[in-house]
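Reading the structure
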Amino acid sequence: LTKTVEIKGAHIKQPLKIAFVSDIQVGNHKKEAWVEKIVEKIISQNPDLVILGGDLIDNEGNTQDETQHLEPLQKITKKYPTFYVLGNHEYGLGTPDLGKSNLGTGNRSELLIKRMKNINAVFLKNNLVCLNIAQQDLCLFGIDDIWGGKPNFSELKNLPSETPLIFITHNPDGMLSYPDIFRKPMLVLAGHTHGGQVNVPFINFYGNADIVLPKKFYRGLNYWQNIPIYTSIGTGESGGQIRLLAIPEIVILNLAP
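What comes next is a walk through the structure. Numbers given for residues are sequential positions, taken from 1 along each chain in its written order. Predicted model: local features are reported for residues with pLDDT of at least 70 only, side-chain atom pairs are reported and counted for 80 or more only, and whole-chain, interface and lining totals are derived from all residues. Calculation of side-chain values draws on the structure's entire complement of heavy atoms; hydrogens and water are dropped beforehand.

1. Brief notes about helix α3 (residues 109-119)
Basically, it comes down to this: With a 1.4 Å probe rolled over the protein chains alone, any residue whose accessible area is under 20% of its type maximum counts as buried; one over 50% counts as exposed, and the rest are partly exposed. Only DSSP runs of H or I reaching four residues or more are called helices, and only runs of E reaching two or more are called strands; each is numbered from the N terminus. Taking the helix axis as origin, the arc is that swept by the directions to the C-beta atoms. Only heavy atoms matter for contacts: two residues are in contact if any of them lie within 4.5 Å across the pair.
Listed in full, the buried residues belonging to α3 are Ser109, Leu112, Ile113, Arg115, Met116 and Ile119. Along the axis of α3, the buried positions cluster into a sector of 165°, meaning they face one direction only. In α3, the exposed positions angled more than 90 degrees off the buried face are occupied by Glu110, Lys114, Lys117 and Asn118. Residues of α3 that are buried sit in contact with β3 (49-52), α2 (74-77), β4 (82-84) and β5 (122-123). At the C-terminal side of α3, asparagine 120 shows a positive phi close to 75°.

Written as structure tokens, this is what we have:
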């Protein structure tokens, strides 16, 4: 599913199209052929830039180098500026119990970082990147995963006063740590929840992703203190290759004045 979402920003002067994909989780279930399909759909939309929201590898006991399945992403990085953040699966964490590598193969974040560097995707880890795309200034700030990493917001002190900011956090709960001393983003992009992945109406409509934010933040566009947060359902699965009422999605964000 390719989903289109319209976002209006006070400081947006020229329309921008952003492709956002989260939780690909290649490995046990999703492999290179799945990534090829994602790449084809993104290219068909011809976005201005691409953002990957973490959990790019599954890392649930597979001893192979799962990052090899991400090679088709090179077709995207050659055409569009492409940025990514890490998720809890890169760190081998399936719960918010910090320091516990409980997905079977431990911390594989460095393996992914190396692969993504070769692919020419830009790593966002507590850093601010400002760029001009299609005659529009835009800043991106991505934090390290709040479960397995070490989030740090200090680089936001360099945020230009009039430039729109997109904040990327794998886990939507990352917004709860955003310091009040810094200007708020025009948009927050998150994943992690899989939209519940397996949703049984009237019994357990959203599966548990261990987030603090209310259940409505498991999917779609919602607002936290007047800040829009888009949580993607993602394109991969955890545990087993099964989804119910949570269709995998590629999100096309149209930023407009």
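2. Looking at the environment of isoleucine 166
Tracing the backbone shows isoleucine 166 in strand β8 (residues 165-168). For the pair isoleucine 166 and lysine 184, spaced 18 residues apart in sequence, the C-alpha to C-alpha distance is 9.2 Å. Setting aside residues up to four positions removed in sequence, isoleucine 166 forms contacts with Ile18, Leu138, Cys139, Leu140, Phe141, Leu187, Leu189 and Leu255.

3. Overview of the side chain of asparagine 62
By secondary structure assignment, the location of asparagine 62 is in the loop between β3 and α2. Overall, asparagine 62 belongs to the buried group, its relative accessible area being 10%. Those residues within four positions of asparagine 62 in sequence are excluded, and the remaining contacts are Gly27, Asn28, Thr105 and Arg108.

4. Some words on helix α1 (residues 32-45)
Operational definition: One less than the residue count of a helix, multiplied by 1.5 Å, gives the span that helix is expected to have.
Across its 14 residues, α1 extends 20 Å between first and last C-alpha, which sits within 8% of the 20 Å expected from 1.5 Å per residue. Buried within α1 are the following residues: Val35, Ile38, Val39 and Ile42. Looking straight down α1, one finds that the buried residues subtend no more than 100° of arc, so they occupy a single side. Exposed and facing more than 90 degrees away from the buried side of α1 are Ala33, Lys37, Glu40 and Ser44. Check the buried side of α1 and you find it contacts β2 (16-21), β3, α2 and β12 (250-256).

5. Points about the sheet that holds strand β11 (residues 227-231)
Put simply, the rule reads: When DSSP locates at least two bridges between a pair of strands, those strands are taken to pair. Where helices are involved, their axes are fitted lines through C-alpha atoms of the stretch in contact, as for all axes, and angles between N-to-C directions lie from 0 to 180°.
The strand order β6-β7-β8-β9-β11-β10 describes an open sheet built from 6 strands, whose pairing is mixed. Two strands bound the open sheet, and with one partner strand each, they are β6 (127-133) and β10 (220-224). Strand-to-strand twist of the sheet, defined as the mean angle between neighbouring strand axes without regard to direction, takes the value 25°. As paired elements, strand β7 (residues 136-142) and β8 share 4 bridges and run parallel to each other. If you follow leucine 140 over to β8, its bridge partner there is isoleucine 166.

6. What about the pattern of salt bridges?
To be explicit about the condition: We count a salt bridge whenever a side-chain nitrogen from Lys or Arg sits within 4 Å of a carboxyl oxygen from Asp or Glu.
In the structure shown here, the tally under the stated rule is 5 salt bridges. We note a salt bridge from aspartate 144 to lysine 125, for which the minimum N-O separation is 4.0 Å. With a gap of 19 residues between them, aspartate 144 in the loop between β7 and β8 and lysine 125 in the loop between β5 and β6 connect regions that are remote in the sequence. The exposure class assigned to lysine 125 is partly exposed, which follows from its relative accessible area of 35%. In this structure, lysine 184 engages aspartate 180 in a salt bridge whose closest nitrogen and oxygen atoms are separated by 3.6 Å. Residue class for aspartate 180 comes out exposed when judged on its relative accessible area of 67%. What you see here is one network of salt bridges that share partners, running through Asp65, Glu71 and Arg115.

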